[in-house]
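# Secondary and tertiary structure notes
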Amino acid sequence: MTIALIGALMIGLSLGLFGSGGSILTVPVLVYLLGQDEKVAIAGSLFIVGSISLIASLRGLKNIHWRSVIYFGIPGMMGTYMGAWLSQYVLGTVQLILFALLMAAAAWSMLRGKATDTTQQVPRASWQIIADGLVVGSITGLVGVGGGFLIVPALALLGGLTMHVAIATSLVIIALKSFSGLYKYLDVLADLNLTLDWYTLVLMAALGAAGSLIGAFLNGRLPQEQLKKLFGVFLLIMAVYILWKTAPNFF
């Protein structure tokens, strides 16, 4: 349990520093450190990451781009709800395999280390932002990934926002999507006679919120590109580990 609580701090730290990476860590912590069922862990991840993101977003209210929240976040909520509904027809092992593949994709995006330059970017049309929200939201609901590593580049590169505004905005969107997916997951778990460990979830969310405040304080004070590359290597190792543990159960 102690290691899991340290993991909760790291989850919050990641969200505070990068605006992403929280749920990428949450699901493995719940599955491999606390021994939770895959679907229970995914639902719990949505609660933890949603709570941390909501609290972390309060520090950057002035940087939030509310138009993007509306056009990306609300469709994202719909997509997350649909993804959570679809999860009841997908095996837990398949969800973990998909999760590991997305983790590898997140690692790759961090390891590329390309600077984000929005000065020459043209904002996307509203319908394109809505479509982005639906797709990312569906992924969130199906595998429990908040999608910050997809949302931040989408808002910055495609939406024309600066990185600080993209990160602040992504936290609100992650919170909206996470709670939407959790709402549906409660029905899915009830049908499977599964329940959430609310005491552990609230404790991890509280510690994660503290970690997010630390991360927000350190944001801009630490070399982010180097940190992202180190985090990317860690994610890649974790993705390989999850595939190694899960794939034999599928085949």
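The following paragraphs examine the structure supplied in this document. (Residues numbered from 1 in each chain as written. Predicted model: local features only at pLDDT ≥ 70, side-chain atom pairs only at ≥ 80, totals over all residues. Heavy atoms only, no water.)

### Points about the overall build of the protein
Summing up its helical and strand segments, the protein has 10 helices and 0 strands in all. Counting over 251 residues, the protein shows a buried share of 52%. When contacts within the protein are restricted to residue pairs at least 6 apart in sequence, long-range pairs at least 24 apart make up 86% of them. For the protein, the accessible surface area stands at approximately 11400 Å², while carbon and sulfur atoms represent 70% of it. (Helix = DSSP H or I, 4+ residues; strand = E, 2+ residues; numbered from the N terminus. Buried < 20%, exposed > 50% of the residue type's maximum accessible area, 1.4 Å probe, protein only. Contact = heavy atoms within 4.5 Å. Areas by Shrake-Rupley, 256 points an atom, 1.4 Å probe, with all protein chains shown as cover.)

### As for the side chain of K184
With respect to the secondary-structure elements, K184 resides in helix α8 (residues 163–191). For the buried K184, no salt bridge exists, and the shortest N-O distance to an oppositely charged side chain is 4.2 Å, to D187. Ignoring sequence-local partners within four residues, the contact set of K184 consists of Y81, A84 and W85. (Lys, Arg positive; Asp, Glu negative; His and termini not counted. Salt bridge = Lys/Arg side-chain N within 4 Å of Asp/Glu carboxyl O.)

### Looking at the packing of aromatic side chains
Counted under the stated rule, the structure contains 5 aromatic pairs. Measuring from ring centre to ring centre gives 5.2 Å for F47 and W198, while their planes differ by 90°; the resulting arrangement is edge-to-face. Taken as a pair, F47 in helix α3 (residues 38–57) and W198 in helix α9 (residues 198–218) lie far apart in primary sequence, 151 residues in all. On the accessibility criterion, W198 (39% relative accessible area) is partly exposed. Cluster of aromatic residues (ring-pair linked, three or more members): Y32, Y241 and W244. (Phe/Tyr/Trp six-rings, centres within 6.5 Å; stacked < 30°, edge-to-face > 60°.)

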